[in-house]
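Here is how the chains run, residue by residue.
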Amino acid sequence: MERSIRTNWESFWHDLPREKGLPVWDSDGAITATAQLSLFQHHFAEGLPVLDIGCGNGTQTAALAATFPRVLGMDFAPAAIEHARSLQADSPAEFREFDLGDTTRAAELHEELGDVNVYMRGVLHQMPDEIRVDAVASLSTLLGGSGHLFAAELAPSAAQTIQSALGQSADAVPKLQRVFRYGLTPASWQDGKFEALLDGAGIDIVDSGSITLHGTDTLPSGDQLDLPMNYVVARNQR
């Protein structure tokens, strides 16, 4: 992964207190991964490990581990993995450092684990274009012939929602503002970009739809900050 992005994420997690719910995206597993099971569980081949890529502090990893026998939370920021191991100490989930943009490491991981199912929420939109190509190539390697991917990314309209929230007052949505202070600016997606990336890596979409990222920030009005997302369930072309 590009050095500046890695450094920014490492700084974000290093400076963040080890408490649940502090990242703006850190919604409870009951309203996120667990609530989303009906969208992908029937696609996930039984018996395969499940990787939560971009796991952060492991909230969704732990939720997935309550359903699937083996779940591994993966993040390229060592400080994030430290958060996960601390906050999810009671979970059977495993946590490891892993850079999705490293295709060599992805091949090594596939050699170790075999085909896997992948859960991934809000990862690709934070990457520069030149890294996304390698990231989806790594996904293809990890899925192999029998794995499925559930991936949710911010919808293109999320950028307008974010700007509107930030503009409401100087101290509005402090958790979201923290993200921007560390240079972690969500990319502006164009319609079809997400799907084109997967297609370019030989990954077929078998289902898709819209969901909501239930943010942990509160707007000045008292309403919760929610962001629109698009999801896909996909597998390698057969």
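Shown above is the structure to which this text applies.
All values reported here derive from a predicted model rather than from experimental measurement. (Residues numbered from 1 in each chain as written. Predicted model: local features only at pLDDT ≥ 70, side-chain atom pairs only at ≥ 80, totals over all residues. Heavy atoms only, no water.)

Asks: What is the right way to read the overall build of the protein chain from this model?
Replies: Scanning the protein chain from N- to C-terminus turns up nine helices and seven strands. Computed over its C-alpha atoms, the radius of gyration of the protein chain comes to 17 Å, within 12% of the 18 Å expected for a compact globule of 238 residues. Each principal axis of the C-alpha distribution contributes one length, and for the protein chain these read about 50 × 40 × 35 Å. Every one of the 238 residues in the protein chain was classed for burial, and the buried ones make up 51%. Of the roughly 10300 Å² of accessible surface on the protein chain, a fraction of 46% belongs to carbon and sulfur atoms. Seen as two clouds, the 16 positive and the 32 negative side-chain charges of the protein chain have centres 4 Å apart. (Helix = DSSP H or I, 4+ residues; strand = E, 2+ residues; numbered from the N terminus. Rg over C-alpha atoms; globule rule 2.2 N^0.38 Å. Buried < 20%, exposed > 50% of the residue type's maximum accessible area, 1.4 Å probe, protein only. Areas by Shrake-Rupley, 256 points an atom, 1.4 Å probe, with all protein chains shown as cover. Lys, Arg positive; Asp, Glu negative; His and termini not counted. Charge placed at Lys NZ, Arg CZ, Asp CG, Glu CD.)

Asks: What's the story with the packing of aromatic side chains in this structure? I'm lost.
Replies: We describe a pair of aromatic rings using the distance from one ring centre to the other and the angle between the two ring planes. By the definition in use, this model includes 12 aromatic pairs. A centroid spacing of 5.8 Å and a plane angle of 75 degrees characterise the contact between tryptophan 9 and phenylalanine 12, whose relative ring orientation is edge-to-face. Of the two residues, tryptophan 9 and phenylalanine 12 both sit in helix 1 (residues 3-15), three residues apart, roughly one turn of that helix. By relative accessible area, which is 0% here, phenylalanine 12 ends up buried. Ring geometry for tryptophan 9 and tryptophan 25: centres 5.7 Å apart, planes at 65 degrees, overall edge-to-face. Of this pair, tryptophan 9 sits in helix 1 while tryptophan 25 sits in the loop between helix 1 and helix 2 (37-40); the two residues are 16 residues apart in sequence, bridging distant segments of the chain. (Phe/Tyr/Trp six-rings, centres within 6.5 Å; stacked < 30°, edge-to-face > 60°.)

Asks: I would appreciate a short explanation of the sheet that holds strand 7 (residues 224-236) in the present structure.
Replies: Hydrogen bonds along the backbone pair up the strands of a sheet, which may run parallel or antiparallel. Pairing within the open sheet is mixed, and its seven strands lie in the order 3-2-1-4-5-7-6. Edge positions in the sheet fall to strand 3 (94-97) and strand 6 (203-218), since each of these pairs with one other strand and no more. Geometrically, the sheet is characterised by an average inter-axis angle of 25 degrees between neighbouring strands, direction not taken into account. One ladder, built from four bridges, connects strand 4 (residues 117-121) with strand 5 (residues 149-154); its direction is parallel. Across the sheet, the residue bridging to valine 118 is leucine 149, located in strand 5. Taken strand by strand, helix 4 (residues 78-87) contacts strand 2 (71-75) and strand 3, and its axis lies near 170 degrees from that of strand 3. Seen against the sheet, helix 9 (residues 193-200) touches strand 5, strand 6 and strand 7 and runs at an angle of roughly 135 degrees to strand 6. (Pairing = 2+ DSSP bridges. Axes fitted to C-alpha atoms, helices over the stretch in contact; angles between N-to-C directions. Contact = heavy atoms within 4.5 Å.)

Asks: What is the right way to look at empty space enclosed by the protein in this model?
Replies: A probe matching the size of a water molecule, rolled over the atoms, marks out where space remains unfilled. The final tally for this structure, using the stated rule, is one cavity of 30 Å³ or more. Considering the residues around the largest cavity, the lining is formed by 37 residues, among which Trp9, Trp25, Gly54, Arg121 and Gly122 are closest to the centre. Of all the secondary-structure elements, those providing two or more residues to the lining of the largest cavity are helix 1, strand 1 (50-53), helix 3 (59-65), strand 2, strand 4, helix 8 (174-181), strand 6 and strand 7. Among the elements that make up the lining of the largest cavity, the one with the highest residue count is helix 1 (three residues). The residue inventory of the lining of the largest cavity, partitioned by class, reads 23 nonpolar, nine polar and five charged. (1 Å grid on protein atoms, 1.4 Å probe; cavity = no way out; pocket = protein on both sides within 12 Å on 5 of 7 lines; lining within 4 Å. Points joined across faces, edges and corners; volume = space filled by probe spheres on them. Nonpolar A, V, L, I, M, F, W, Y, C, P; charged D, E, K, R; others polar.)

Asks: Looking at this model, I keep getting lost on the layout of surface pockets. Mind explaining?
Replies: In this model, the largest pocket occupies a volume close to 180 Å³. Around the largest pocket sit Lys20, Gly21, Asp26, Ser27, Asp28, Gly29, Ala30, Thr34, Thr59, Ala62, Ala63 and Gln88, which together line it. Residue composition of the lining of the largest pocket, grouped by class: three nonpolar, six polar and three charged.

Asks: How should I be thinking about the pattern of salt bridges in this particular structure?
Replies: Oppositely charged side chains can pair when the atoms bearing their charge come close. The full count for this structure, using the stated rule, is seven salt bridges. The salt bridge partner of glutamate 82 is arginine 18, with a shortest N-O separation of 3.2 Å. With glutamate 82 in helix 4 and arginine 18 in the loop between helix 1 and helix 2, the pair connects residues that are 64 residues apart, well separated along the chain. For arginine 18, a relative accessible area of 45% gives the class partly exposed. Here glutamate 112 and arginine 96 are joined by a salt bridge, their closest N and O atoms 2.8 Å apart. (Salt bridge = Lys/Arg side-chain N within 4 Å of Asp/Glu carboxyl O.)

Asks: Sorry, what's going on with unusual backbone geometry here?
Replies: If a residue is not glycine, its phi is most likely negative; likewise, a peptide bond is most likely trans. Residues other than glycine seldom take positive phi values, yet valine 173 does so here, at roughly 40 degrees. Secondary-structure assignment places valine 173 in the loop between helix 7 (158-166) and helix 8.

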